[in-house]
Amino acid sequence: MKLLNVYRSEPADDVKKLVDIVSDGCETNSFDLNVEAPDYDKLVDMVTDADKTICWW
Amino acid sequence: MSKKVCFMYPSSEYIFDGVRSALGLAVENMYAYGVVMKNEIDEINDYNKENIEWMRDMEGDVYSIPEGNVEKHGLTKMTLEELGQKLKEMDVIVPYGIMRSTED
Amino acid sequence: MAKSIGIFVTSPQNMRHVMGVTKAAIAKGSKVKVFFTWTGVHLTKCADFPSLCALDNVDVSICADSYKRNGYDVTDIPKGLTSKEMATQAQHGAIIEDYDCYLTL
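Residues numbered from 1 in each chain as written. Chains lettered and ligands numbered in written order. Predicted model: local features only at pLDDT ≥ 70, side-chain atom pairs only at ≥ 80, totals over all residues.

Novice: I'd like a rundown of the interface of chain B and chain C, residues and numbers included.
Specialist: Of the residues lining the interface, 15 residues belong to chain B; the matching set on chain C comes to 16 residues. Elements supplying a minimum of two residues to the side of chain B that touches chain C: α1 (15–26) and β5 (92–95) of chain B. No other element matches the four residues that α1 of chain B contributes to the side of chain B that touches chain C. Of the residues assigned to the side of chain B that touches chain C, the class counts are nine nonpolar, three polar and three charged. (Contact = placed C-beta atoms within 7 Å. Helix = DSSP H or I, 4+ residues; strand = E, 2+ residues; numbered from the N terminus. Nonpolar A, V, L, I, M, F, W, Y, C, P; charged D, E, K, R; others polar.)

Written out as structure tokens, the structure reads:
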């Protein structure tokens, strides 16, 4: 399964731990929204390519 | 086949509305779960108690990582590791609201 | 055909992301549905909100109960919406059931 982890802010330790567990056995990718000018075009491509997306806080 | 959805509530102001939102999916025939991530809840009013019971009646549940909510309010105990494993079973994962760093 | 995208908005902080993702998605031919709930309904007061609602191939609705419980008058419908888009959590269910991709913002 292709899993995309999107971060809306710097991930806290508990989020990092959850990401490690849910990502185990998956083909994973990540995208950081917590930047001045996110590349939304790229994000949409990644979202549509993934089987599941999790937008962490 | 009914979808499985898990909400995670990272700060106190989002818990009970998040339960209401999860219940909204339960009545749409989805399996809906909620998890209190960090906060000890002072009080649960009758309306919110009914929402939690209704979720359980519909084969969902409301879990808590802080143990105080298990002892005081009867929420179902869950560890962070168990939450991670549960998330692997879910079709949809909803990190709800805002993570308040001041509530860590 | 481009995959459809549903966006569940639960934070009052992410209007630029909602706009950015929605515009990028419709430019690729996607259909987009956006549902605002709880404190996310504060974003109805952003200057960009009416232009989000006016985009082609974008379905916008909000949780009327959240709007009320965040201090707004449900008869004061946000610019860009109609009364039928002052909706319930069933809209979130529709995103999950009917759209190919799911995002929380």
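Resuming the write-up.
Novice: Before we move on, could you go through the packing of helix α2 (residues 40–49) of chain A against helix α1 (residues 15–27) of chain C and cite the residues and values that matter?
Specialist: Axis separation between α2 of chain A and α1 of chain C bottoms out at 8 Å; the angle between their running directions is 70°. By the angle between their directions, the pair α2 of chain A and α1 of chain C is classed as roughly perpendicular. Like other packed secondary-structure pairs, α2 of chain A and α1 of chain C cross with a definite hand, here right-handed. From α2 of chain A, Tyr40, Asp41, Leu43 and Val44 of chain A reach across to α1 of chain C, where they touch Gly20, Val21, Ala24 and Ala25 of chain C. Looking at the contact of α2 of chain A with α1 of chain C residue by residue, the classes come out as six nonpolar, one polar and one charged. (Axes fitted to C-alpha atoms, helices over the stretch in contact; angles between N-to-C directions. Parallel < 35°, antiparallel > 145°, perpendicular 65-115°, else oblique. Left-handed = near helix turned anticlockwise from the far one by under 90°.)

Novice: Can you lay out the interface of chain A and chain C for me, pointing to particular residues and giving the numbers?
Specialist: Between chain A and chain C, the contact holds eleven residues from the first and 14 residues from the second. Among the elements of the structure, α2 and β3 (52–56) of chain A are those that each provide at least two residues to the side of chain A that touches chain C. For the side of chain A that touches chain C, the leading source of residues is α2 of chain A, giving six residues.

Novice: How would you summarise the sheet that holds strand β3 (residues 58–63) of chain C if you had to cite specific residues and measurements?
Specialist: Strand order in this open sheet of five strands is β4-β3-β2-β1-β5 (chain C), and the pairing throughout is parallel. The two strands at the open ends of the sheet, each matched to only one other strand, are β4 (86–87) and β5 (101–104) of chain C. (Pairing = 2+ DSSP bridges.)

Novice: Quick rundown of the nonpolar core? Include the residues and the values.
Specialist: Of all hydrophobic cores here, the largest spans 76 residues; its most connected members are Ala32 and Val35 of chain B together with Ile7 of chain C. If one sorts the elements of this core by residue count, α1 of chain B sits on top with seven residues. Not counting the four nearest positions on each side in its chain, valine 35 of chain B is found in contact with Cys6, Phe7, Met8, Tyr9, Tyr63, Ile65, Met78 and Leu83 of chain B. (Core = buried A, V, L, I, M, F, W, Y, C linked by C-beta atoms within 7 Å. Buried ≥ 20, exposed ≤ 12 C-beta atoms within 10 Å, placed from the backbone.)

Novice: Got a sec to walk through helix α2 (residues 46–57) of chain B? Specific residues and values, please.
Specialist: Residue and element names in this part refer to chain B. Under the 1.5 Å per step criterion, the end-to-end length of α2 is 16 Å for twelve residues, consistent within 8% with the ideal 16 Å. Along α2, the residues that are buried comprise Asn51, Ile52 and Met55. Each buried residue of α2 sits inside an arc of 95° when the element is viewed along its axis, so together they form one side. Opposite the buried face of α2, by more than 90 degrees, sit the exposed residues Asp46, Lys49, Glu50, Glu53 and Asp57. Buried residues along α2 sit in contact with α1, β2 (31–36) and β3 (61–64). In the stretch just after α2, glutamate 59 is the one whose phi turns positive, near 70°. (Expected span 1.5 Å × (residues − 1). Arc of directions from axis to C-beta.)

Novice: Would you mind going over the pairing of strand β2 (residues 32–36) of chain C in detail, with residue names and values included?
Specialist: Residue and element names in this part refer to chain C. Burial analysis of β2 places five of its five residues in the buried class, the great majority of the element. Because side chains alternate across β2, one face comprises the buried residues Val32, Val34 and Phe36, and the other comprises Lys33 and Phe35, equally buried. In the sheet, strand β1 (residues 5–9) pairs with β2 via five bridges, with the strands oriented parallel. Bridge pairing in β2 places phenylalanine 8 opposite phenylalanine 35. Here β2 pairs with β3 via five bridges, running parallel. For lysine 33, the partnering residue across the bridge sits in β3 and is aspartate 59. Crossover β2 to β3 through helix α2 (residues 49–54) is right-handed. (Right-handed = clockwise from strand over helix to strand, strands pointing away.)

Novice: Let's hear about the sheet that holds β2 of chain B: which residues, and what values?
Specialist: Residues and elements named next belong to chain B. Taken together, five strands build an open sheet; the order of strands is β4-β3-β2-β1-β5 and the sheet is parallel. Single-partner strands in this sheet number two, and they are β4 (76–77) and β5. Summarising the sheet, strand β1 (residues 4–9) and β5 pair through four bridges and their orientation is parallel. Among the inter-strand pairings, cysteine 6 is bridged to a residue of β5, identified as isoleucine 93. Along the sheet face, α1 touches β1, β2 and β3 and points at about 170° away from the line of β2.

Novice: Describe helix α1 (residues 13–23) of chain A, listing the residues and the values that go with them.
Specialist: All of the buried residues in α1 of chain A are Val15, Leu18, Val19 and Val22 of chain A. On an axial view of α1 of chain A, the arc spanned by its buried residues comes to 105°, and they lie on one face. Every exposed residue of α1 of chain A that faces more than 90 degrees away from the buried side is listed here: Asp13, Lys16 and Asp20 of chain A. In this fold, the buried residues of α1 of chain A make contact with β1 (2–7) and β3 of chain A together with α4 (80–88) of chain B. Two residues or fewer after α1 of chain A comes glycine 25 of chain A, characterised by a positive phi angle close to 85°.

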